[in-house]
Each structure stands twice: as C-alpha cells, then as structure tokens.
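Topology and contacts: notes
This is what each chain is made of:
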Amino acid sequence: MLMSASLVLLMTPGLAFFYGGMVRSKSVLNMMMMSFGAIAVVVVVYVLWGWSMSYGSDIAGIVGNPVDQFGLQGAIYDDAGEFLIDDYGVPAVVGIGFQVTFAIITTALISGAIADRVKYGSWLVFTGIWVTLSYFPIAHMVWGGGLLSGSEDGLAAMIFGTTDGAATVAPIDFAGGTVVHINAGVAGLVLALLVGARKGFGKEPMRPHNLPFVMLGAALLWFGWFGFNAGSAFTADGAAGLAWLNTTVATAAAILAWLVTEKIRDGHATSLGAASGVVAGLVAITPAAGSVSPIGSLALGAVAGALCALAVGLKYRLGFDDSLDVVGVHLVGGLVGTILIGFLATDGGLLYGDGARLLVVQIVIALVAVLFSGVVTLVVGLIIKSTLGWRVTEEAEVGGIDLAVHGESGYETLGGGRVITEVRS
Amino acid sequence: MKLVTGIIQPHRLDDVKSALEAAGVRGMTVSEASGYGRQKGHTEVYRGAEYTVDLVPKVRIEVLVEDDDASVVTGVIVQAAQTGKIGDGKVWTVAVDDVARVRTGEHGAQAL
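Residues numbered from 1 in each chain as written. Chains lettered and ligands numbered in written order. Predicted model: local features only at pLDDT ≥ 70, side-chain atom pairs only at ≥ 80, totals over all residues.

Per an unreviewed UniProt entry, chain B goes by Nitrogen regulatory protein P-II and derives from Sanguibacter suaedae.

1. Focus on the overall build of chain A
Along its length, chain A carries 15 helices and five strands. Computed over its C-alpha atoms, the radius of gyration of chain A comes to 21 Å, within 12% of the 22 Å expected for a compact globule of 425 residues. Reported as C-alpha extents along the three principal axes, the dimensions of chain A are approximately 75 × 55 × 35 Å. Long-range pairs, those at least 24 residues apart, make up 73% of the contacts in chain A between residues at least 6 apart in sequence. (Helix = DSSP H or I, 4+ residues; strand = E, 2+ residues; numbered from the N terminus. Rg over C-alpha atoms; globule rule 2.2 N^0.38 Å. Contact = placed C-beta atoms within 7 Å.)

2. A closer look at the overall build of chain B
In terms of regular secondary structure, chain B is built from two helices and five strands. Reading chain B from its N end, one meets helices and strands in the order β-α-β-β-β-α-β. For chain B, the C-alpha radius of gyration of 17 Å lies well beyond 13 Å, the compact-globule estimate for 112 residues. Based on the C-alpha atoms only, the size of chain B along its principal axes is roughly 60 × 25 × 20 Å. Classification of the 112 residues of chain B by burial places 20% in the buried group. Across chain B, every contact between residues at least 6 apart in sequence was considered, and the portion connecting residues at least 24 apart equals 68%. (Buried ≥ 20, exposed ≤ 12 C-beta atoms within 10 Å, placed from the backbone.)

3. Focus: the environment of Gly89(A)
With respect to the secondary-structure elements, Gly89(A) resides in the loop between β2 (63-64) and α3 (92-110). Sequence spacing of Gly89(A) and Phe234(A) is 145 residues, and the spatial spacing of their C-alpha atoms is 8.8 Å.

4. Re the nonpolar core
Counting residues in each nonpolar core, the largest one holds 142 residues, and the members touching the most others are Ala254(A), Leu300(A) and Cys308(A). Apart from the residues within four sequence positions on either side, Leu300(A) is in contact with Ala250(A), Ala284(A), Ile285(A), Ala288(A), Val292(A), Gly337(A), Leu340(A) and Leu344(A). Counting residues in each nonpolar core, the second largest holds 14 residues, with Val16(B), Val59(B), Ile61(B) and Val65(B) among its members. (Core = buried A, V, L, I, M, F, W, Y, C linked by C-beta atoms within 7 Å.)

5. Brief notes about the interface of chain A and chain B
Facing the 16 residues of chain A at the interface are 18 residues of chain B. Breaking the side of chain A that touches chain B down by element, the ones donating at least two residues are α14 (394-399) and β5 (419-424) of chain A. Among the elements that make up the side of chain A that touches chain B, the one with the highest residue count is β5(A) (six residues).

6. A look at unusual backbone geometry
Phi angles above zero are rare outside glycine, and Asp325(A) is one such case at about 65°. Mapped onto the elements, Asp325(A) comes out in the loop between α11 (314-318) and α12 (326-344). For Asp325(A), a count of 25 C-beta atoms within 10 Å corresponds to the buried category. Here Arg47(B), not a glycine, exhibits a phi torsion of approximately 50°, which is positive. Tracing the chain through its elements places Arg47(B) in the loop between β3 (42-46) and β4 (49-65). Exposure remark for Arg47(B): the 8 C-beta atoms within 10 Å place this residue in the exposed category.

7. Points about the UniProt feature "modified residue: O-UMP-tyrosine" (unreviewed entry) in chain B
Per the UniProt annotation, the sites labelled "modified residue: O-UMP-tyrosine" (unreviewed entry) are Tyr51(B). Taking the number of C-beta atoms within 10 Å as the measure of exposure, Tyr51(B) has 20 and is therefore buried. For Tyr51(B), the residues in contact, after removing those within four places along its chain, are Ile420(A), Val423(A), Thr43(B), Glu44(B) and Tyr46(B). (UniProt positions renumbered as here; feature names shortened; annotations may be inferred.)

8. Concerning the packing of helix α10 (residues 294-311) of chain A against α12(A)
All names here are of chain A. Two elements in contact, α10 and α12, have axes separated by 9 Å at closest approach and are oriented at 145°. Read as a crossing pair, α10 and α12 show a hand that is right-handed. When α10 is examined against α12, the residues Gly296, Ala299, Leu300, Val303, Ala304, Leu307, Cys308 and Ala311 are found in contact with a partner set consisting of Gly328, Val329, Val332, Gly333, Val336, Gly337, Leu340 and Leu344. Residues that form the contact of α10 with α12 fall into these classes: 12 nonpolar, four polar and no charged. (Axes fitted to C-alpha atoms, helices over the stretch in contact; angles between N-to-C directions. Left-handed = near helix turned anticlockwise from the far one by under 90°. Nonpolar A, V, L, I, M, F, W, Y, C, P; charged D, E, K, R; others polar.)

9. Quick notes on the environment of Gly128(A)
Positionally, Gly128(A) belongs in helix α4 (residues 120-143). If we skip the residues at most four places from it in the chain, Gly128(A) touches Val41(A) and Val45(A).

10. Thoughts on the packing of helix α6 (residues 177-195) of chain A against helix α13 (residues 357-386) of chain A
All names here are of chain A. Running from N to C, α6 and α13 cross one another at 40°; their axes reach a closest spacing of 8 Å. Regarding the angle of α6 to α13, the classification is oblique. Here the hand of the crossing between α6 and α13 comes out right-handed. In this structure, α6 contributes Thr178, Ile182, Asn183, Val186, Ala187, Val190, Leu191 and Leu194 to the contact, and α13 contributes Ile365, Ala366, Ala369, Val370, Ser373, Gly374, Thr377, Leu378, Gly381, Leu382 and Lys385. (Parallel < 35°, antiparallel > 145°, perpendicular 65-115°, else oblique.)

11. As for the confidence of the model for chain B
Residues of chain B with pLDDT of at least 70 account for 100%, and the chain-wide mean is 91. Across the predicted assembly, pTM comes out at 0.89 and ipTM at 0.70. (pLDDT = per-residue confidence, 0-100.)

12. Some words on the pairing of β3(B)
All names here are of chain B. Burial analysis of β3 places just zero of its five residues in the buried class, a small minority of the element. Note that β3 and β4 share five bridges and pair antiparallel. Bridge assignment links Tyr46 to a residue of β4, and that residue is Ala49. The turn joining β3 and β4, which pair antiparallel and follow one another in sequence, is formed by two residues; a positive phi near 50° is taken by Arg47. (Pairing = 2+ DSSP bridges.)

See the structure below:
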C-alpha cells in the first residue's frame, strides 16, 4: 500500500509534465506550478479536515463530520496506543496516505481547463475550497458508505432494494471514475466557461510547445496509475493483478483507437494523440478495473479512445476554452468507464445476461456526481470571481504568465525578450 | 514612399494588426524586440539577489506606404497601441528611396 500511495503521488508531477508540455513555452512554469500548488494545499487540508470529511462519521449520507477526526485525531492509534488496522488488514495510517494522493491528483487535473490565464493565488484558494466542498463529499458518498455507495441507505438500495443489509445491486466505482474523473471533468467544464477563453483562442495557434514532455508525463501517469488502480484492491492479490492487467490492456486499446480516429479525421496519427489516448484509456478503466475481464477492457479502452478523440474537437465548435481537454478526456472518459460497467461487468453486466439493473445504477451515480460537482464548482468559482478575481491582466497573459506571475521563464536562454545587465547581492 | 516603424507593447499587437487591416494596409513586418525609453528598466529581486532588467520585451511593426498615407497609418498605430501607461512605445516615419517586389521585379509605388 505504501508503494501504491507513492506511485499515485508521482502521478501529479507526471501530470505537471503532461500539461506543461501542452501549453505554450511562455506559460510552462505556471502550468507545472498549478499541479505542485495543488499537492501542497490538498495535503495540508487533508490532514486537518479532509480525512474526517471523507471517512468520518456520516452526516445524511452526503459527507463525513469534519470535526470528528480533525487533525487525524483518533484516525491513527486505538485507545491502547496501537496502530489502528482497517478492514483490509492494513494500518489505517497507510490508508490515509493512499487516499490523500487521490484528492491531490483530482484537484490538479482541473488546472488543465484554465491553463495560461488565472491568478496563482486564486487557484490555490480554489483548490482548498473545492477539494473540501466537492471532492471530500463525493469521496464520502462513493467510498465512505454514503449515498452513492452500496450501503443500505444509498440510492442504489432505494432503487432496487436491499439484501442482507446492503444494496442488492451495488454501484461499482473501483478506483474513482466518479470521485476523480467525472468530478474533475465537470469542474473543468464549469471553470472553463466561468473564467472565459484565453486571448486569441480559436484565432492564434496554441500548439503544445514540448511534445516530449507530454509523452514523458503520459508515461509517468501510466506508471503511477498502477498504484491508483491495482492499489485500490487494498491488498496484493489476484484482484490487484486483474486491475493491473486491465489497466494496461484498456490503455493499449485506447491508444490505437485514438490514433485510428485521428488518422481518419485529420490525416495524421500524432504523438499528442498517443499521449492523450494513454490518459483516456486509463481514465475509462479506472472505475471498471476490478469488475471487467481483459477482453471487456479491450472494448472499454477502444470505445473511450475513439469517443474522447472525437470529444476534444467539441470545444472549438461550442466555443469554450477547455485548454488541455480536461472535459474531453476526463469527463467523457469517466462517463464511458462508469456507464460501460453496466454492460461489461462480468458479474451483473447487461452483456453477461444479468439484466439492466446495474446499468441503471451506474447511470444514476454518474448523474449525481455530475450534478453535485457542477453546482459546487459553480458556486465556488463565482465566489472567487467576485472576490479575488480569476484572470491575470491581458498584458501578463500575452507577455507570458511565467514572467509576470512567477518572475521566471521556463527557458531562460530565450529570456522572454528581457535583458538583465546587473546583479547586486 | 515612407517606412512607418512602430515599437509597441507586445499585448497590443493583435489590436494594432486588426486596426491596420481595417485601414486598408495590405502587408506588414512584425518582429520581437527588446529596448527601453525614458522610463528605463526596472529592478527585480530573485532568490535574494537584486537584478536590473533594463531592456524589456517590445514588438516592432513595420509598414511601407505611399507618402500621403504615412500620417494616417501612424495615427492608426498610435490609437490602437495606446494604453496611456509608461512603456507604450514610439512610432516614426522615414523616407524610402526605392522598393522592389522580388517576384516580378517591379519598382517604386507599384511594388507596394
């Protein structure tokens, strides 16, 4: 579990490279700093009230009590001073470390939708509030025994009844299709609309400045994702092995599907497409890694790769600047994965002759996650818009947000047109 | 013929370009430049050391025009580039003896 937690933590610096390579050279540092900033803020918030809000005592099926285990009190040791052991036989403190890394990557994912143009302070404040009001409640609802889980008080139990004190048809979100990807994808969409497009969006070329960075980032994400998916089995057994294999199989299928879609539509199979295909496959298999077969993973990955490749073109047609395709990849991929479980789950799936009940449950939890995240993000985004403000000045945006906000440039040899002549220390 | 050269703030380039196109200018040359004017540069502190940045990024925009159009084009650039703040730049005009179009070998006003 410690290895898995470390792998998932590595995903966020990996994401920094993935996103950093995709922006223009004048904003690479700001883009990477958004990920690093998310790590810092979310870890602090998590030990104070995040764990408690996710897994503390339940309030109305929506959220855990933030005061209950504030500052992790009572979450690490039992009354005798021994380390608490959780239901999987793992020390609880290890589980806390594992879970915080999920909160970090989810929050960092959103940054891609608002690349190149927001005040760094506003972003840091947003991460702290958003993870508190959107991520922790949804994590509680899905994994902490709340509304979207298989508990007897959950939505699934209300729809199809209970058997032995749990929902007869329990929703499946193995490693975070709803909690992580639908959640971040919806937040990205709402913020992209609220913050507005980059100056010159749709008119000037805004091509990735460093594709090797993008591919390096995709590789680090893939590697880290083994901790994310296989680690979500909470033990090193066959289920973890199946999740590992499914993760790889779906990703490979998604790369091929993305490249074929691109080749047919645009005439080229691009490296950006391959890197995006990696992420689309990983996203889609996330909720399903424990419940489908490797052949099911092939189908799931291929559908996700093709649909996401088509979805990333939508922003130009609809006119919202989701700069690095958080919506096209994470929202669409998360929905594909969460909903296809209803067809492909070896236990309960429609294609395995088990009827449509699981499909209905999966659609319901996906919709609730979309609505919840959408409303919360809108409110938090509006509050920040009317207080701190989101956008940097037009001058900073055009001249380069790295120099204007951080006083640095990613490639000092280019200098951004500045000439420094004198140093006094 | 005249050469109108403007040194402007990089973030005004879009507006200046559109204003010139709207005024009927059919071609221009744009390049990145560094420089300073009366405001001089500024100092910055980075990791405890103080740096003097005395050349700041600018954009140079050059337009070849007929004699009569020079003042109009100058006016268009000034109006579109103006923010009213220090560092807005300068626009100047110089006389041009001859212009040749490379593709056809035409000279003078026909080559504009």
